[in-house]
Amino acid sequence: QVDLVESGGGLVRPGGSLRLSCAASGDIAIINDMGWYRQAPGKQRELVAIINKDDRTRYVDSVKGRFTISRDNAKKTVYLQMNSLQPEDTAVYYCYADVRYGAKWFALDAWGQGTQVTVSA
């Protein structure tokens, strides 16, 4: 079994910052891509940022220059530093990891439980 546990969400004023963390645990052999998605009320889930095991990153246009994704492979953890937050960033943020686990390296798209980020004055 593989678990992703997120932390760091909350309420912040426009222009503020938050840092999300997501730690993976379980019988993990390797983690390929790790990333963050978000889902606002009434909208589809969208990719926010993704980072591969070689630290190559990709962002949705709306967060470029404001958000930074990073990972610590030794800790099996991915981070999302969010600066200059705006009300339109309000959403539930979900951690994602492309994992190989177990002795036979089964493939799994693992998801966290989600953490709420609310940007409001």
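Residues numbered from 1 in each chain as written. Predicted model: local features only at pLDDT ≥ 70, side-chain atom pairs only at ≥ 80, totals over all residues. Heavy atoms only, no water.

1. Quick notes on the side chain of Thr115
Line of reasoning, step 1. Relative to the helices and strands, Thr115 resides in strand S11 (residues 115–119).
Line of reasoning, step 2. Under the relative-accessibility criterion, Thr115 is labelled buried at 12%. (Helix = DSSP H or I, 4+ residues; strand = E, 2+ residues; numbered from the N terminus. Buried < 20%, exposed > 50% of the residue type's maximum accessible area, 1.4 Å probe, protein only.)

2. A look at the packing of aromatic side chains
Line of reasoning, step 1. Using the criterion set out here, one finds four aromatic pairs in the structure.
Line of reasoning, step 2. Between Tyr37 and Tyr96, the ring centres sit 6.0 Å apart and the planes meet at 70°, which makes this aromatic pair edge-to-face. Residue Tyr37 is located in strand S4 (residues 28–39), and its partner Tyr96 is located in strand S9 (residues 91–101); the two are separated by 59 residues in the primary sequence.
Line of reasoning, step 3. A residue is classified by how much of its surface remains accessible, and Tyr96, at 11% relative accessible area, is buried.
Line of reasoning, step 4. When the ring of Tyr96 is compared with that of Trp111, the centres are 5.1 Å apart and the planes differ by 55°; the resulting orientation is tilted. Of the two residues, Tyr96 is situated in strand S9 and Trp111 in strand S10 (residues 106–111); the sequence distance between them amounts to 15 residues. (Phe/Tyr/Trp six-rings, centres within 6.5 Å; stacked < 30°, edge-to-face > 60°.)

3. Some details on the pattern of salt bridges
Opposite charge on two side chains makes pairing possible when the charged atoms of those side chains draw close.
Line of reasoning, step 1. Following the criterion strictly, the structure yields five salt bridges and no others.
Line of reasoning, step 2. Here Glu46 ties to Arg38 by a salt bridge, and the two come within 2.7 Å at their closest N and O atoms.
Line of reasoning, step 3. Since its relative accessible area comes to 30%, Glu46 is described here as partly exposed.
Line of reasoning, step 4. The residue Asp89 makes a salt bridge to Arg66 at a minimum N-O spacing of 2.8 Å. Taken together, the residues Asp89 in the loop between strand S8 (77–82) and S9 and Arg66 in the loop between strand S6 (57–59) and strand S7 (67–72) connect sequence positions 23 residues apart. (Salt bridge = Lys/Arg side-chain N within 4 Å of Asp/Glu carboxyl O.)

4. Here we look at unusual backbone geometry
Line of reasoning, step 1. Positive phi, close to 55°, is recorded for Lys76, a residue that is not glycine.
Line of reasoning, step 2. Mapped onto the secondary structure, Lys76 falls in the loop between S7 and S8.
Line of reasoning, step 3. According to the relative accessible area criterion, Lys76 is partly exposed, its value standing at 31%.
Line of reasoning, step 4. For Ser84, which is not a glycine, the phi torsion comes out positive at approximately 50°.
Line of reasoning, step 5. By the element assignment, Ser84 lies in the loop between S8 and S9.

5. Some details on the state of the cysteines
Line of reasoning, step 1. This structure, assessed with the given rule, holds one disulfide.
Line of reasoning, step 2. With a sulfur-sulfur separation of 2.0 Å, Cys22 is cross-linked through a disulfide to Cys95. As the torsion about the S-S bond is roughly -85°, the Cys22-Cys95 disulfide counts as left-handed. Here Cys22 is found in strand S3 (residues 18–26), whereas its partner Cys95 is found in strand S9, with 73 residues between them in sequence. Here Cys22 and Cys95 have matching classes, each one buried. (Disulfide = S-S within 2.5 Å.)

None of this, on its own, says anything about what the molecule does.
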